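Structural overview for review
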Amino acid sequence: MKLIVCLDDKGGMAFNRRRQSRDRLLCEDVVRTAGGATLWMHPYSVPLFESLTGDIKACEDYLDAAGKQDVCFCERETVGAYAARIDTVVVYRWNRRYPGDVFFDLDVGAAPWRCVEIGEFVGSSHEKITKEVYVK
Amino acid sequence: MKMKLRMRALSALLCLLMIFSLGCTGCAELLALLPDMEVPGDGAPASVADVDLDEIPPFTTEPYVTVNGNQPKFEEDELVVESYEFYSELDSLGRCGMTVACIGRDLMPTEERGSIGSVKPSGWQTVKYDIVDGKYLYNRCHLIGFQLTGENANTKNLITGTRYLNIEGMLPFENMVADYIKETGNHVLYRVTPVYDGNNLVAHGVQMEGWSVEDNGEGICFNVYCYNNQPGIVIDYATGNSALSEDGLPQTPAVPEGSGGESEESKPNYVLNTNTKKFHDPDCGSVKSMSESSRKDYFGEREALISEGYEPCGSCKP
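As a starting point, this report considers the structure included with it.

Analysis parameters
- Each chain carries its own residue numbering, running from 1 in the direction its sequence is written.
- The naming scheme follows written order: chains are lettered A onward, ligands numbered 1 onward.
- Only residues with pLDDT of 70 or above have their local features reported here, since the model is predicted, and side-chain atom pairs are shown and tallied only from 80 upward, although totals for entire chains, interfaces and linings are computed over all residues.
- Only runs of H or I of at least four residues qualify as helices and only runs of E of at least two qualify as strands under DSSP, and these elements are numbered from the N terminus.
- Any residue with 12 or fewer other C-beta atoms within 10 Å of its own C-beta is exposed, any with 20 or more is buried, and the rest are partly exposed; the C-beta atoms used are placed from the backbone.
- The quantity called the radius of gyration is restricted to C-alpha atoms. Its globule counterpart is 2.2 Å times the number of residues to the power 0.38.
- The contact criterion used here is simple: two residues whose C-beta atoms, placed from the backbone, lie within 7 Å are in contact.
- At least two bridges found by DSSP between two strands is the condition for calling them paired.
- Charged means Asp, Glu, Lys or Arg here, nonpolar means Ala, Val, Leu, Ile, Met, Phe, Trp, Tyr, Cys or Pro, and polar covers whatever is left, Gly included.
- Each nonpolar core comprises buried Ala, Val, Leu, Ile, Met, Phe, Trp, Tyr and Cys residues, the members being joined through C-beta atoms within 7 Å.
- What counts as an axis is a line fitted to C-alpha atoms, over the stretch in contact for a helix, and the angles between N-to-C directions run from 0 to 180 degrees.

Moving on, we come to the overall build of chain B. Secondary structure summary: chain B contains six helices and 16 strands in total. Residues classed as buried in chain B amount to 41% of the 318 residues present.

Put into structure tokens, the structure is as follows:
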């Protein structure tokens, strides 16, 4: 499955059970990245995508529910336990420093991961968002 | 600036109407919110933090700890959706007190930050250590960050804070709040209170509280205590004096600067050559030979410069 996460400069994802940041244009890009695949997420994330069209499904255990061809948008959960099932990781970097108490626990900077795509765009409220795609 | 003043006046009017409508119930709390207005007599807001230093764990490796389960302690009548800002008067020792603001997009700055080098907060000393990022131990720390309310050289909003407090402790929270407001257009109730031990001139730390108003804290909710510490440095909070700690860190002597010296906060992050579109470290040799007409001090972030088409100097590699 393909995993999508948003990280700050220290690999942080969330603080006090809340996402570190949000960006409307980033969410649009997430839907585009999912393509026609099912985009799974926690119910907490759903309001970010309310105005967007896609095959979006939400449940508490979305990482378990997602199939091999599906995409998971992960904001607050650690994913180390699912590493074997993840074949692609899309990382959006805020290029900002935020407080964090949940950190991304997959080291995509080391083997077997390799970066196959990197780009950047201006978000709706962020000056520069970097998008990186990693595959095994 | 006119818009900001207008919002302050509107906010003050709103507060007065609320006081009248409540029959003065909770007057003290509401008076405390009157922005940039004289608060008469006993109506002056408390500038003491809701933090007991005895209950704060000693500083170790984290720049902040949570307080009250990470839940801020705002009163219900503080949760208005109108922007305002309040800065306590300096106390008899010249120390800053509590600052609070309901921050909306209308309070956020539209101009670049200016110099704050003329402000000397209580306990201020200009001192350098090799082990400190940027060398300068102390920054003039905005209690409510410039990116939130655009308050620049406001003496009621600047304390003597370590580089570590400024960058590792406070900045991440300011960033989170600023980006949330920019993205949603919502308001965030935001309070920063310096915490002093007795009559010390330098704060032991700052309590930071934030709560997003329109979504009832769903977006922003925190209550933290940020340590005014610097790893490897021992600080005498009574005076601001400092020394390297004796825990095996490099023993380079502190280099005290002249009393009129600039801090990291008054020194630009970069110096731009608007002619060549290169940016330099302020200490780069090229800066000295740069013509005044081409030189511009820059206090913002590196990435923003690059996005504006500037390139780093190949010599100093900023």
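The next thing to look at is the overall build of chain A. Counting secondary structure elements, chain A contains two helices and ten strands. The secondary structure elements of chain A, listed N-terminal to C-terminal, are β-β-β-α-β-β-α-β-β-β-β-β. Taking 14 Å as the expected radius of gyration for a compact globule of 136 residues, we find that chain A reaches 14 Å, a close match to that expectation. Within chain A, the fraction of its 136 residues that count as buried is 35%. Pairs at least 24 apart in sequence give 68% of the contacts found in chain A among residues at least 6 apart.

A few words now on the sheet that holds strand β2 (residues 12-15) of chain A. All names here are of chain A. In spatial order, the strands read β3-β2-β8; together these three strands make up an open sheet with antiparallel pairing. Single-partner strands in this sheet number two, and they are β3 (18-19) and β8 (102-103). As paired elements, β2 and β8 share two bridges and run antiparallel to each other. When the bridges of β8 are listed, Gly12 appears paired with Phe103.

How large an interface is tends to be reported as the accessible area lost when its parts come together. Taken together, the contacts link 15 residues of chain B with 18 residues of chain A. Secondary-structure elements contributing two or more residues to the side of chain B that touches chain A are α4 (163-184), β9 (221-227) and α6 (302-307) of chain B. Residues belonging to the side of chain B that touches chain A are distributed by class as follows: seven nonpolar, four polar and four charged.

A separate point is the nonpolar core. Core analysis: the biggest nonpolar cluster contains 91 residues, and Cys72 of chain A together with Val177 and Val188 of chain B have the highest contact counts within it. No other element matches the ten residues that α4 of chain B contributes to this core. Here Cys72 of chain A is in contact with Met1, Leu3, Ile4, Trp40, Met41, Tyr62, Leu63 and Ala66 of chain A, once residues within four sequence places are set aside. Grouped together as the second largest cluster of nonpolar side chains are seven residues, Leu272, Tyr298, Leu305 and Cys313 of chain B included.

The next point concerns the sheet that holds strand β9 (residues 114-121) of chain A. Residue and element names in this part refer to chain A. Read from one edge to the other, the open sheet built from seven strands follows the order β5-β4-β6-β1-β7-β10-β9, with strand pairing classed as mixed. Only two strands of the sheet have a single partner each, and these edge strands are β5 (56-58) and β9. Between one strand axis and the next, the sheet turns by 20° as a mean value, whatever way the strands run. Relative to strand β6 (residues 71-74), strand β1 (residues 2-7) runs parallel, the two being bridged by four bridges. Looking across to β6, one finds that Ile4 is bridged to Phe73.

Next up on the list: the environment of Leu26 of chain A. Residue and element names in this part refer to chain A. Mapping Leu26 onto the fold places it in helix α1 (residues 24-34). Overall, the presence of 22 C-beta atoms within 10 Å leaves Leu26 in the buried class. It is 8.9 Å that separates the C-alpha atoms of Leu26 and Phe121, two residues lying 95 residues apart in sequence. Those residues in contact with Leu26, other than ones at most four positions away along the chain, are Cys6, Tyr92, Gly123 and Ile129.

Residue and element names in this part refer to chain A. As paired strands, β1 and strand β7 (residues 88-93) are joined by six bridges and run parallel to one another. Across the sheet, residue Cys6 finds its bridge partner in β7, namely Tyr92. In terms of strand pairing, β7 meets strand β10 (residues 129-135) through six bridges, oriented antiparallel. Considered in β10, the bridge of Arg93 is made with Thr130.

A separate point is the pairing of strand β13 (residues 270-273) of chain B. Regular strands have side chains that alternate between both faces of the sheet. Residue and element names in this part refer to chain B. Of the pairings in the sheet, the one linking β13 to strand β15 (residues 295-298) comprises four bridges and is antiparallel in character. When the bridges of β15 are listed, Val271 appears paired with Asp297. Where β13 and strand β14 (residues 278-280) come together, three bridges link them in antiparallel fashion. Following the sheet pairing, Asn273 is matched in β14 by Lys278. Here β13 hands over to β14 after four residues, with Lys277 in that stretch at a positive phi of 60°.

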